[in-house]
Amino acid sequence: MIYLDNAATTKTAPEVVEAMLPYFTECYGNPSAIYSLGSAGKKAISEARRTIAGAIGAKQEEIYFTAGGTEADNWALKAVAESCSARGRHIITTKIEHHAVLHTCRYLEKNGYQVTYLDVDEYGLVDLDVLRAAIRPDTILISVMFANNEIGTVEPVREIGKLSRERGILFHTDAVQAFGQIPIDVEEMNIDLLSASAHKLNGPKGAGMLYVRSGVKIRSFIHGGAQERSRRAGTENVPGIVGFAAAVRRALRIMEEKTAKEKALRDYLIGQIETQIPYCRLNGHREKRLPGNVNVSFQFIEGESLLIMLDMKGICASSGSACTSGSLDPSHVLLAIGLRHEEAHGSLRMTLSEENTKEEMDIVVEQLKQIVNRLRDMSPLYEDFLKSQKG
Ligand code: PLP
């Protein structure tokens with residue numbers, strides 16, 4: 001099997017599993033308990049908080065553990081909207097955010113908030129002048145993702161943070177795809193709220209965090225006990241939190257080497273596809289992109305068929321369409337960067353890890369070449385295109 005869907009999720013690293021195990025088998029006490037079986041969990045949570053805070057230049061008390069990126073995004077947007085509503089009800093985000101942000105914005109619109117969804121350029125980049133022009137006196141929040149999950153484009157977060165700070169507007173970034181891949185410093189980048197998720201960096205599923213700059217007032221997200229300083233009640237996911245911290249330690253340790261390896265493989269794969277398969281285009285920015293992201297549209301074919309045929313060859317990848325929702329709508333991200341519906345439908349996302357090899361990339365290109373040819377041979381659109389070329 002060749003696994004090329006690391007933006008969807010990653011394999012839990014052995015050292016992460018090892019770090020988690022004792023919190024299932026031995027230190028299973030409730031962290032709120034007084035006895036030492038419980039306090040072992042409590043101590044582990046506070047160590048994890050320190051590790052994760054340190055990874056982004058934050059303070060421990062600014063980290064709130066959640067059940068993943070979706071929850072962190074929901075919390076950030078809803079909490080800021082509620083706590084700042086007296087000052088204004090306008091939020092700025094982009095058309096290419098993850099649904100965790102977009103659908104939360106839709107919910108807020110139904111509840112009396114106004115949201116501006118910024119256009120992005122052909123590479124998926126936010127234009128600072130467009131952002132500046134969208135700011136209103138009642139703007140309370142700017143939410144722009146750190147890096148896009150489909151096309152890998154890395155946004156100008158530092159510049160957006162600076163602008164937000166100058167204008168006195170809170171800045172949230174969904175860093176689910178960037179955390180552990182790209183160095184992040186919330187102080188230097190003027191980030192007020194940041195979402196992250198463990199399973200994208202070889203940690204466990206169901207664990208994530210929201211960073212909230214101290215001084216930013218946010219309401220409780222889940223009401224109940226006093227966990228997470230009463231803001232997110234419920235017995236803590238101790239193994240998940242410990243695994244998250246172990247994954248962060250690992251990610252920081254290998255970041256430089258992993259980035260170099262993935263970039264080299266990514267650019268090799270892109271180059272091979274571009275030279276060996278006609279009528280394709282790279283989606284996203286060539287340089288300002290996540291180290292392991294490749295997103296390509298193949299004209300005249302259906303992404304879903306491509307995925308199924310790749311799967312039959314043992315290759316796991318993802319399409320550009322909203323397949324997770326069972327809908328056949330093309331990806332909102334690909335439409336936002338200007339692709340036509342049929343181009344968006346013929347898209348393929350391959351997201352690499354440091355475990356992939358050049359030999360695997362060669363196999364993938366060879367298989368892709370054969371499958372794309374076969375699908376094009378069956379495509380009436382391709383036939384029409386060939387005729388028009390001749391005629
Ligand atoms: N935001 C982005 C950019 C993502 O890529 C994802 C996951 O695909 C999420 C949010 C949701 O994270 P989680 O799966 O931890 O809920």
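The preceding data block contains the structure.
Fair warning: this is a prediction, and the values are worked out from it, not measured in the lab.

## A look at the nonpolar core
Here's step 1: Counting residues in each nonpolar core, the largest one holds 65 residues, and the members touching the most others are Phe179 and Met209.
Here's step 2: Per element, the largest residue contribution to this core is 9 residues, and it comes from helix α8 (residues 238-276).
Here's step 3: Setting aside residues no more than four positions away along its own chain, Phe179 makes contact with Ile52, Ala55, Ile56, Ile184, Ala196, Leu201, Met209, Phe244 and Val248.

## Some details on the environment of Cys280
Here's step 1: Mapped onto the fold, Cys280 is located in strand β9 (residues 280-282).
Here's step 2: Once the C-alpha coordinates of Cys280 and Lys200 are considered, the two residues, 80 residues apart in sequence, prove to be 28 Å apart.
Here's step 3: When residues no more than four places from it in sequence are discounted, the contact partners of Cys280 are Ile273, Glu274, Val296, Ser297 and Phe298.

## Concerning the side chain of Ser331
Here's step 1: Its place among the elements puts Ser331 in the loop between β12 (318-319) and α10 (332-336).
Here's step 2: Accessibility expressed as a relative area gives 2% for Ser331, which makes it buried.
Here's step 3: Reaching out from Ser331, the side chain makes a polar contact with the side chain of Glu150 at a distance of 2.6 Å.
Here's step 4: In this structure the side chain of Ser331 is engaged in a polar contact, spanning 3.0 Å, whose partner is the backbone nitrogen of Val333.

## Observations regarding the pairing of strand β13 (residues 347-351)
Here's step 1: Taken across its 5 residues, β13 has 5 buried, putting it largely inside the fold.
Here's step 2: Burial along β13 is two-sided: the residues Ser347, Arg349 and Thr351 and Leu348 and Met350 are all buried.
Here's step 3: Where strand β10 (residues 293-298) and β13 come together, 5 bridges link them in antiparallel fashion. When the bridges of β13 are listed, Ser297 appears paired with Ser347.
Here's step 4: As defined by bridge partners, β12 adjoins β13 across 2 bridges and the pair is classed as antiparallel. Looking at β13, one finds that Ser318 is bridged to Arg349.

## Details of the pattern of salt bridges
Here's step 1: On inspection of all chains with the given rule, the structure shows 26 salt bridges.
Here's step 2: Between Glu187 and Arg213 there is a salt bridge, with the nearest N and O atoms lying 3.0 Å from each other. Here Arg213 lies in the loop between β8 (208-212) and α8 and Glu187 lies in the loop between β6 (170-174) and β7 (193-197), a separation of 26 residues in the sequence.
Here's step 3: When its relative accessible area of 13% is taken as the criterion, Arg213 is described as buried.
Here's step 4: In this structure, Glu274 engages Arg286 in a salt bridge whose closest nitrogen and oxygen atoms are separated by 2.8 Å. With Glu274 in helix α8 and Arg286 in the loop between β9 and β10, this residue pair connects regions lying 12 residues apart in the sequence.
Here's step 5: Take Arg286: its relative accessible area is 43%, and that puts it in the partly exposed class.

## Side note on the sheet that holds β12
Here's step 1: Spatially, the 4 strands line up as an open sheet ordered β9-β10-β13-β12, and their pairing is antiparallel. Edge positions in the sheet fall to β9 and β12, since each has one partner strand and no second.

## Description of unusual backbone geometry
Here's step 1: The backbone of Asn190 shows a phi angle near 55°, a positive value even though the residue is not glycine.
Here's step 2: Phi is positive for Tyr279, close to 55°, though the residue is something other than glycine.
Here's step 3: For Tyr279, the position within the fold is in the loop between α8 and β9.

## Here's the deal with the site of the ligand
Here's step 1: Every one of the 13 residues lining the ligand counts as a neighbour, but Thr70, Asp174, Gln177, Ser197 and Lys200 are closest to it.
Here's step 2: Between the ligand and Thr70, the relevant distance is 2.6 Å, taken from an oxygen atom to a side-chain nitrogen or oxygen of the residue.
Here's step 3: Side-chain polar atom of His199 to an oxygen atom of the ligand: 2.9 Å apart, as the coordinates give it.
Here's step 4: Considered on its own, the ligand offers 390 Å² of accessible surface; in the complex 85% of this is hidden by protein.
Here's step 5: The element best represented in the shell around the ligand is helix α4 (residues 69-83), accounting for 3 residues.
Here's step 6: Among the residues making up the shell around the ligand, the classes are represented as 2 nonpolar, 8 polar and 3 charged.

Calculation criteria
Here the residue index of a chain counts from 1 through its sequence in written order. Totals for whole chains, interfaces and linings use every residue, but because this is a predicted model, local features are given only for residues with pLDDT of at least 70 and side-chain atom pairs only at 80 or more, for both listing and counting. Excluding hydrogens and water, the side-chain values take into account all heavy atoms of the structure. Put simply, a nonpolar core is a bunch of buried Ala, Val, Leu, Ile, Met, Phe, Trp, Tyr and Cys residues held in one set by side-chain atoms that sit within 4.5 Å of each other. In this scheme, a residue with accessible area under 20% of its type's maximum is buried, one over 50% is exposed, and one in between is partly exposed, where area comes from a 1.4 Å probe on protein chains only. Runs of H or I in DSSP of at least four residues are treated as helices and runs of E of at least two as strands, each being numbered from the N terminus. The criterion used for residue contact is that any of the two residues' heavy atoms lie within 4.5 Å. Identification of polar contacts relies on pairs of N or O atoms within 3.5 Å, with a donor-acceptor requirement for protein atoms, meaning one able to donate a hydrogen and the other able to accept it, and with residues adjacent in sequence counted only if both atoms are side-chain atoms. Strands qualify as paired when DSSP identifies two bridges or more between them. Salt bridges are defined by distance alone: a side-chain nitrogen of Lys or Arg within 4 Å of a carboxyl oxygen of Asp or Glu. Residues are classed as near a molecule or strand on a simple rule: at least one heavy atom within 4 Å of it. In this description, accessible areas are obtained by the Shrake-Rupley approach with a 1.4 Å probe, and a residue is regarded as covered only by the protein chains that are shown. Three categories are distinguished: nonpolar for Ala, Val, Leu, Ile, Met, Phe, Trp, Tyr, Cys and Pro, charged for Asp, Glu, Lys and Arg, and polar for the others, with Gly belonging to the last.

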